Amino acid sequence: MKEDPAVNPNQHPLYPLEPVEIDAVIFDLDGVITDTRCAHEAAWKQLFDEYLEEHVKAHQSGCGSFSHEDYREYLDGKPRYEGVRDFLASRHIQLPWGDPADSPEQETVCGLGNRKNHYFSQWLESHTVDTFADALDVLQRLYRAGVRTAIISASKNCEAVLANAGITDLFAVKVDGVDMAEQSLPGKPDPAIFLQAAQRLGVSPERTVVVEDALAGVKAGARGGFALVVGVNRGESGHAEALRHYGADVVTNTLTELLKDPQPGVLSAPVEEIALFREARNAVRARLRNKHIALFLDYDGTLTPIVEDYRKAQLSSTMRATISELARSCTVAVISGRDLDDVRKLVGLDQVFYAGSHGFDIAGPKGWHVELQQGKEFLPDLDAAEAGLREKLREIGGASVERKKFSIAVHYRQVASDDVLSVEEAVDRVLSEHPRLRKSSGKKVFDVKPRSHWNKGQALLWLLERCDLGGDDVVPIYIGDDTTDEDAFHVLRQAERNGGDGIGIIVGDDSGRPTLAHYALEGTDEVADFLQWLVAITATGAKG
Ligand code: BG6
Ligand code: MG
């Protein structure tokens, strides 16, 4: 615990944040991002007001009523049953732990926790969750600055709260009460939940910031060795001092103050504002001189135009010949959402690497093949979800379910526009039964993937490391057209901020869509020209 600094208590070398000085920010949910802290507190109050009254009647002895201070001290930020245990201990009441399956009427720690959850669920079903405007603003600015973000919550309702607020996709990583129970992670003030989020983001705590409104949360952030622990006090008297006392380095009442400059080093821009590669050719050529190029290519929409039926996206023989030529002087990998065997067959070249299923399944020249453990553990979930999706989508004309080894694509390009909503509803219904899987959206496709931090960007980094291409003499180039390719652009931006090199190139003219790419190519014809240009410059300049 820290002493209250006498003057300007918010003085800290990292505050306000300068995006180049950090890699990630981990946000608590209730009370920081969404306006749900009061609803949790009201549900706890309802439970304990009732319970303490019953207790007084049964034992003829009073133990005080439930107060806001009790909430902050014993319940806020902690997993459900740990909160019940700690509050009861403050009143010297000992109950058997019970079992998570206990009914809300049972007088056990779990039973009481379940009764509170019943009250909270009733609230959630009948209300629309508000997201704090300053939270949306800061998340957008962090994204634009290339800083990764994670959401954490001790709550098992985290996913439902995010979905209710419509902000599920805003975070690269989520660790919640369900994950904690599955992995037996201790609750805050233990830092496990934050450390797990940092690990999944692929960042170190020393370059990561924690933002919390709970006392147990700031304590956990301080214990976890994070670069900066920001306490959030949304206008509650005395809370700022308490947050500092429990370990917050600084305390703010609005997240808007978190970042130094309203437009700090903005990196992302709408696609139409990205520099066209053809206008930056000479600069890129100079950058590639005497370098080894590691070239990463998406398939659909990049090497081949998007077609009505994804099964018919054939690679042209000229494109194949160019890639084959490039593979003599550069390291070339095709990273696709398609199944590994599918994309390998479509490209048909032995000398390149392939990452299928969004990077979960990787193969290389000479029969080299690695199925990543990150994907394998999700196979039973994927099998069950595939069966559910086939069953639910059978009736919707034009919908097709494509099973890849480590993901499932639900294509709706050929579905009548009135039915698209039903496709999404069916996917959501199936996913509600498989919490270890998640949905992402691509071009006329919903991808069902393992809920894992693995993505095309992680696959790119993994390949660079495996191929010993981490040195200063290597320039990774990634070319892609879809939202899943942004993960790769993101890791290149991150490497760049850490002094590395890397070029992201977006294909197409999805006007308005924000991208982290450095340059744009207008279509697959321009990709072909670009690759031919690379052949020419690697023959004369870049290192073979
Ligand atoms: C935390 C809240 O985020 O989650 C607590 O601050 C809540 O109030 C805890 O008790 C556990 O939530 P749930 O929804 O799993 O009971
Ligand atoms: Mg909170």
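What comes next is a walk through the structure. (Residues numbered from 1 in each chain as written. Chains lettered and ligands numbered in written order. Predicted model: local features only at pLDDT ≥ 70, side-chain atom pairs only at ≥ 80, totals over all residues. Heavy atoms only, no water.)

1. Remarks on empty space enclosed by the protein
As enumerated under the stated definition, the model contains 3 cavities of 30 Å³ or more in all. Taken as a whole, the largest cavity holds about 470 Å³ of empty space. In this structure, the largest cavity is lined by 30 residues; those nearest its centre are Asp300, Tyr310, His411, Lys443 and Val445. At the level of elements, strand 14 (400–403), strand 15 (408–411) and strand 17 (445–450) are the ones that each hand at least two residues to the lining of the largest cavity. (1 Å grid on protein atoms, 1.4 Å probe; cavity = no way out; pocket = protein on both sides within 12 Å on 5 of 7 lines; lining within 4 Å. Points joined across faces, edges and corners; volume = space filled by probe spheres on them. Helix = DSSP H or I, 4+ residues; strand = E, 2+ residues; numbered from the N terminus.)

2. A word on the packing of aromatic side chains
Inspection of every chain in the model, using the stated rule, returns 17 aromatic pairs. Ring pairs connect the aromatic residues Trp44, Phe48, Phe66, Tyr74 and Phe87, which therefore count as one cluster. Lys116 extends its terminal NZ or CZ atom over the ring of Phe120, reaching a point 5.0 Å from the ring centre. A cation over a ring is seen here: Arg234 above Phe132, with NZ or CZ 3.7 Å from the ring centre. (Phe/Tyr/Trp six-rings, centres within 6.5 Å; stacked < 30°, edge-to-face > 60°. Lys NZ or Arg CZ within 6 Å of the ring centre and 35° of its normal.)

3. Some remarks on the packing of helix 15 (residues 379–393) against helix 16 (residues 420–432)
Close contact between helix 15 and helix 16 brings their axes to 9 Å; oriented N to C, the two are set at 145 degrees. For the crossing formed where helix 15 meets helix 16, the hand is right-handed. Contact with helix 15, carried on its side by Ala385, Gly388, Leu389, Lys392 and Leu393, involves Val423, Ala426, Val427, Arg429 and Val430 of helix 16 and no other residues of that element. Looking at the contact of helix 15 with helix 16 residue by residue, the class counts come to 7 nonpolar, 1 polar and 2 charged. (Axes fitted to C-alpha atoms, helices over the stretch in contact; angles between N-to-C directions. Left-handed = near helix turned anticlockwise from the far one by under 90°. Contact = heavy atoms within 4.5 Å. Nonpolar A, V, L, I, M, F, W, Y, C, P; charged D, E, K, R; others polar.)

4. Remarks on the pattern of salt bridges
Summed over the entire model, instances satisfying the criterion amount to 41 salt bridges. When the shortest N-O distance is used, the salt bridge between Arg207 and Asp23 registers 3.0 Å. You can see Arg207 sitting in the loop between helix 8 (192–201) and strand 4 (208–212) and its partner Asp23 sitting in the segment before strand 1 (24–28), a full 184 residues away along the chain. On the basis of relative accessible area, Asp23 is assigned to the buried category, the value being 8%. Several salt bridges share partner residues, and in doing so they unite Arg37, Glu41, Arg72, Asp76, Asp213 and Glu236 into one network. (Salt bridge = Lys/Arg side-chain N within 4 Å of Asp/Glu carboxyl O. Buried < 20%, exposed > 50% of the residue type's maximum accessible area, 1.4 Å probe, protein only.)

5. Remarks on the side chain of Thr322
By the secondary structure assignment, Thr322 is in helix 12 (residues 317–329). One polar contact links the side chain of Thr322 to the main-chain carbonyl oxygen of Thr318, over a distance of 2.8 Å. Beyond its immediate stretch of four places on either side in the chain, Thr322 contacts Leu531, Gln532 and Val535. (Polar contact = N/O pair within 3.5 Å; in protein donor to acceptor, adjacent residues only side chain to side chain.)

6. Here's the deal with helix 4 (residues 109–126)
Its 18 residues give helix 4 an end-to-end C-alpha distance of 26 Å, which sits within 8% of 26 Å, the value for a rise of 1.5 Å per residue. Across the 18 residues that make up helix 4, a large majority, 13, are buried. (Expected span 1.5 Å × (residues − 1).)

7. Considerations on the nonpolar core
Judged by nonpolar contacts, the single largest core of 57 residues is most densely connected at Val25, Phe27, Ile33, Phe48, Leu88 and Val211. Both domains that furnish three or more residues to this core are identified here as domain 1 (19–32 + 131–265) and domain 2 (38–126). Apart from the residues lying within four places of it in its own chain, the contact partners of Leu88 are Phe48, Tyr51, Ile93, Leu95 and Leu112. Listed in part, the 41 residues of the second largest apolar core include Phe277, Val284, Leu295 and Ala313. (Core = buried A, V, L, I, M, F, W, Y, C linked by side-chain atoms within 4.5 Å. Domains from an automatic or database assignment.)

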